[in-house]
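The residues making up each chain are set out below.
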Amino acid sequence: MVEAVLIDLFSLPAHLQNNIQGLLCNTLETIEKCSSIHAPFVYVMCCQRQGSERKGEQELLLPNLGGFQSRKRRLEVVRALTTAAALYTIKQRLDEKDLSIIKVILPTLRKDLMKVYIDHLFTAVYQFEYEDLQAASDPENLQISEPQGEGQILPSQDMALIQSEIQMHLESLPSLKGELTILRSSLIPDDTFLHGFTTRTGGISYIPTLSSCNLFSSSKRRDPHVVVKENLRRLANAAGFNPEAFHRVKVNHANAVCIMGKTEPDSYDGIVTNQKGVTLAAPGADCIPVLFADPVRKVCGAAHSGWKGTLLGVSMAAVNAMVSEYGCNVQDILVVLGPSVGPCCYKLPHESAKEFHRIDPKCVRLFDSANPYIDIRRATRILLERGGVLPENIQDDSITDQNQNITFCTACHPDKFYSHVRDGTNFGTQIGFISIKD
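Described below are features of the structure shown in this document. Keep in mind it's a predicted model, so treat the numbers as computed, not measured.

Quick look at the packing of helix 7 (residues 156-172) against helix 8 (residues 225-239)
If you want to describe how two helices pack, look at the angle between their axes and the distance between the axes.
So, point 1. One way to put it is that helix 7 packs onto helix 8 with a least axis distance of 10 Å and a crossing angle of 55°. Overall, the two elements helix 7 and helix 8 adopt an arrangement that is oblique. Crossing of helix 7 over helix 8 shows right-handed handedness. Between helix 7 and helix 8, the contacting residues are Ile166, Leu170 and Glu171 on the first element and Val226, Val227, Glu230, Arg233 and Arg234 on the second.

Below is the structure:
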């Protein structure tokens, strides 16, 4: 069942402009009558003209829309200077109401163009059907919908213009939930390395569980890649790194490590390099983003350590890669554990908890319960120390500094961090990042 209807009047062809009011009213009446497209929300997308140019379509349409609204149909006219701005506003309305199945009624000539905008601004969470605007005013034709699929391929120049228009609009949006904040460790020397851990503030993601500096896009979530890319651009600008030389681990919850400059594995949870100006990053939303730095050999790394990766020794695998590939001395390597879920909030089934108990009984609280509390940070630190990393070279604020400069519990601080444990499947993601300065 269609949940919302989007009527695109943004750029009507000449042969439709003369009868725009009649065309729209017929379309709205047809929507009202056809139960197959019954939808509680209708959005009409119009172009807003600048300066002294002719009035936008809304001024012509409002008198005709009054009757439709009086029938208690929730209808909104969205005016904007660009298609990207109008469509992004409508996306916000859809997300506020958790709507995902949308019928788009538009001129035939706009269909392929609109699909490109939608591909960039929406994810696979949404389903779109398309209907010709003229056919939509005829009840006999309205029930025949075209599902989203392959259309004509637009010229590369048009594609580039659309991407530029979307990027410009996103760059113009204000930051949400305060200023962008980067947490930094005093253990890693800032004369050699640029590094930090992000919080959830200062980006443009507006969906509650993803707001505002979400740094991961998934087909299962409502934040598209272009929004995450804009959040990353703002982070890079604030931190001082090049977003075009940014490499994030390809999470597999295992212990594979990528060596920059060698063949990249299909998936890996650790990455190391001795290349200057290349920023490495690991995500975290309860899992630990771990940063590594060797100021002697000028080598750095990042790893993603969830409970599975912790048991598989991903952090020590990153250390070993630094030693074997770049000749690092394990005693020179500095390790910082970033914001992650603490033993106060993280439970696992008893069978999984046994593995942590074998590492050290102190890694498990209430061991005899069905779902004991687990300390993945302590387990990570113990495994690193057993591998030869000096205890004083490991920063885990939950142990070394009770003021918690960096190693906050993500689940305990909803104002600062994303948390899968707390927020469920539609959770946002922060990162830890590091690079060697030029």
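Anyway, onward from the coordinates.
Here we look at the packing of aromatic side chains
So, point 1. Applying the stated criterion across every chain, the model contains 7 aromatic pairs.
So, point 2. For the pair Phe122 and Tyr126, a centre-to-centre distance of 4.8 Å together with 85° between the ring planes defines the contact as edge-to-face. In this pair, the class of Phe122 matches that of Tyr126, namely buried.
So, point 3. Their ring planes at 80° and their centres at 5.0 Å tell us that Phe122 and Phe128 sit as a pair that is edge-to-face.
So, point 4. Taking relative accessible area as the criterion, Phe122 reaches 7% and is therefore assigned buried.
So, point 5. These aromatic residues form a ring-pair network of at least three members: Phe122, Tyr126 and Phe128.
So, point 6. Its guanidinium or amino end placed over the ring of Phe41, Lys97 lies 5.0 Å from that ring's centre, counting from NZ or CZ.
So, point 7. Cation over ring: Arg221 sits above Phe427, and NZ or CZ is 4.1 Å from the ring centre.

What about the nonpolar core?
So, point 1. Ranked by internal contacts, the top residues of the largest apolar core, which has 39 residues, are Leu87 and Val104.
So, point 2. The element that contributes the greatest number of residues to this core is helix 4 (residues 83-96), accounting for 7 residues.
So, point 3. Beyond its immediate stretch of four places on either side in the chain, Val104 contacts Leu6, Met114, Ile118, Phe128, Glu129, Tyr130 and Glu131.

Here we look at the sheet that holds strand 10 (residues 257-259)
So, point 1. Here we have 6 strands laid out as an open sheet, ordered 10-11-14-13-15-18, and mixed in their pairing. Strands with a single pairing partner mark the edges of an open sheet, and in this sheet they are strand 10 and strand 18 (394-395).
So, point 2. Bridging between strand 15 (residues 334-337) and strand 18 involves 2 bridges; their strand directions are parallel. Within the sheet, the bridge partner assigned to Val335 lies in strand 18 and is Ile394.

Focus: the pattern of salt bridges
So, point 1. One pass over the structure, following the stated rule, counts 18 salt bridges.
So, point 2. The residue Arg234 makes a salt bridge to Glu230 at a minimum N-O spacing of 2.6 Å. Here the residue Arg234 and the residue Glu230 both occupy positions in helix 8, the gap between them amounting to 4 residues, near one helical turn.
So, point 3. Between Arg378 and Asp375 there is a salt bridge, with the nearest N and O atoms lying 3.7 Å from each other.
So, point 4. Overall, Asp375 belongs to the buried group, its relative accessible area being 8%.
So, point 5. Among the charged side chains, a salt-bridge network with shared partners connects Lys91, Asp95, Asp98 and Arg222.

A word on the sheet that holds strand 19 (residues 430-436)
So, point 1. Spatial ordering of the open sheet is given by 7-8-19-12-9, a layout of 5 strands whose pairing is mixed. On the outer flanks of this sheet lie strand 7 (182-183) and strand 9 (246-248), each paired with one strand and no other.
So, point 2. Taken together, the 5 bridges between strand 12 (residues 279-284) and strand 19 define a ladder with antiparallel strand orientation. Looking across to strand 19, one finds that Leu280 is bridged to Ile434.

Examining helix 11 (residues 350-359)
So, point 1. For helix 11, the full list of buried residues reads Ser352, Ala353, Phe356 and Ile359. Down the axis of helix 11, the buried set is contained in an arc of 100°. They therefore lie on one face. Across from the buried face of helix 11, at angles greater than 90 degrees, the exposed residues are Glu351 and Arg358.
So, point 2. Along its buried surface, helix 11 packs onto helix 9 (307-311), strand 16 (364-365), strand 17 (373-374) and helix 12 (376-386).

Comments concerning unusual backbone geometry
So, point 1. Here the residue pair Ser211 and Ser212 is connected by a cis peptide bond, since its omega of 0° sits within 30 degrees of zero.
So, point 2. Although it is not a glycine, Lys177 sits at a positive phi angle of roughly 60°.
So, point 3. Look at His253: it is not a glycine, yet its phi comes out positive at around 55°.
So, point 4. Tracing the backbone through its elements, the reader meets His253 in the loop between strand 9 and strand 10.

What counts and how
- Residues numbered from 1 in each chain as written.
- Predicted model: local features only at pLDDT ≥ 70, side-chain atom pairs only at ≥ 80, totals over all residues.
- Heavy atoms only, no water.
- Axes fitted to C-alpha atoms, helices over the stretch in contact; angles between N-to-C directions.
- Helix = DSSP H or I, 4+ residues; strand = E, 2+ residues; numbered from the N terminus.
- Parallel < 35°, antiparallel > 145°, perpendicular 65-115°, else oblique.
- Left-handed = near helix turned anticlockwise from the far one by under 90°.
- Contact = heavy atoms within 4.5 Å.
- Phe/Tyr/Trp six-rings, centres within 6.5 Å; stacked < 30°, edge-to-face > 60°.
- Buried < 20%, exposed > 50% of the residue type's maximum accessible area, 1.4 Å probe, protein only.
- Lys NZ or Arg CZ within 6 Å of the ring centre and 35° of its normal.
- Core = buried A, V, L, I, M, F, W, Y, C linked by side-chain atoms within 4.5 Å.
- Pairing = 2+ DSSP bridges.
- Salt bridge = Lys/Arg side-chain N within 4 Å of Asp/Glu carboxyl O.
- Arc of directions from axis to C-beta.

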